[in-house]
Amino acid sequence: MRLIVGLGNPGERYALTRHNIGVRVLERAAARWSVDLGPAGRARSGRGYVGLPDTGGEVVVSAPLAWMNETGPAVKALLEELAFTPDDLVVIHDDLDLELGRLRIKRNGGSGGHNGILSILTALETDEFCRLKFGIGRPAPGEDAAEYVLSPFSPEETTLIDASLERAVLALECLVAEGVEAAMNRFNMRGEEEEG
């Protein structure tokens with residue numbers, strides 16, 4: 001059983017920003033898996049099942065209602081409440097260093113400058129948890145990175161983002177059903193490699 005957490009800032013103002021792509025992936029996955037993300041304390045959470053009984057797995061999906069840079073305590077509380085370890089955790093988040101729409105699954109490591117991940121690392125005192133990174137691309141030269149991540153995707157980017165949201169859900173399903181290694185092998189490639 002896994003706890004899958006999507007990172008983002010709470011409130012309608014931030015819902016469609018680049019920084020909230022983790023929550024958008026989580027909401028897309030919850031809808032596909034028929035999981036109700038009702039409001040509950042520190043997070044909107046629900047429990048459900050991914051795939052078929054013999055090839056899938058049970059999951060808890062959660063979107064913390066804390067600000068991005070205060071996500072760690074909420075995630076720690078969820079793990080404790082479920083009696084899970086960081087090994088059971090998958091965090092979905094935006095990544096400035098990945099090209100737009102590209103996915104990367106990673107088992108551990110540092111924050112990469114991401115305040116939500118830094119907060120989780122600090123609260124859990126370990127980096128031993130899985131991440132699904134979603135590329136949001138880099139800002140134009142001279143554009144402030146903080147403003148960039150809090151801006152929405154452009155209309156021209158929407159088609160690519162929508163396709164990548166679907167792939168992210170497939171990546172989560174693979175991760176739950178077949179494990180982190182299989183998901184990394186299948187989804188940590190560039191678009192042109194996928195076609196060939």
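See above for the structure.
Residues numbered from 1 in each chain as written. Predicted model: local features only at pLDDT ≥ 70, side-chain atom pairs only at ≥ 80, totals over all residues. Heavy atoms only, no water.

1. So, the overall build of the chain
Then, in step 1: Check the secondary structure of the chain and you find 7 helices and 7 strands.
Then, in step 2: Secondary structure of the chain in N-to-C order comes out as β-α-β-β-β-α-β-β-α-β-α-α-α-α.
Then, in step 3: Here the C-alpha atoms of the chain give a radius of gyration of 16 Å, agreeing with the 16 Å that 2.2 N^0.38 yields for 196 residues.
Then, in step 4: Across its three principal directions, the C-alpha atoms of the chain cover 45 × 40 × 30 Å.
Then, in step 5: A separation of at least 24 residues holds for 70% of the contacts in the chain among residues at least 6 apart in sequence.
Then, in step 6: Working note: accessible area of the chain is about 9,400 Å², and carbon and sulfur atoms make up 50% of it.
Then, in step 7: Placing the 20 positive and 31 negative side-chain charges of the chain at their respective mean positions leaves the two points 1 Å apart. (Helix = DSSP H or I, 4+ residues; strand = E, 2+ residues; numbered from the N terminus. Rg over C-alpha atoms; globule rule 2.2 N^0.38 Å. Contact = heavy atoms within 4.5 Å. Areas by Shrake-Rupley, 256 points an atom, 1.4 Å probe, with all protein chains shown as cover. Lys, Arg positive; Asp, Glu negative; His and termini not counted. Charge placed at Lys NZ, Arg CZ, Asp CG, Glu CD.)

2. What about helix 3 (residues 115–124)?
Then, in step 1: By the criterion of burial, helix 3 is predominantly enclosed, with 7 of the 10 residues buried.
Then, in step 2: Gly116, Ile117, Ser119, Ile120, Leu121, Ala123 and Leu124 are the residues of helix 3 that are buried.
Then, in step 3: The first or second residue beyond helix 3 is Glu125, which carries a positive phi of 60°. (Buried < 20%, exposed > 50% of the residue type's maximum accessible area, 1.4 Å probe, protein only.)

3. Considering the pattern of salt bridges
Then, in step 1: Summed over the entire model, instances satisfying the criterion amount to 11 salt bridges.
Then, in step 2: Among the salt bridges present, the one from Arg28 reaches Glu166, with a minimum N-O distance of 2.7 Å. Linking Arg28 in helix 1 (residues 21–32) with Glu166 in helix 5 (residues 158–178), this pair joins segments that are 138 residues apart in sequence.
Then, in step 3: You can call Arg28 partly exposed: its relative accessible area is 23%.
Then, in step 4: On the accessibility criterion, Glu166 (31% relative accessible area) is partly exposed.
Then, in step 5: Arg32 is paired through a salt bridge with Glu173; the nearest N and O atoms lie 2.7 Å apart. Note that Arg32 is positioned in helix 1 and Glu173 in helix 5, a separation of 141 residues in sequence.
Then, in step 6: Of the residues examined, Glu173 reaches a relative accessible area of 18% and is grouped as buried.
Then, in step 7: Three or more residues are tied together by salt bridges with common partners; here these are Arg28, Arg32, Asp162, Glu166 and Glu173. (Salt bridge = Lys/Arg side-chain N within 4 Å of Asp/Glu carboxyl O.)

Any link to function would need more than the numbers given here.
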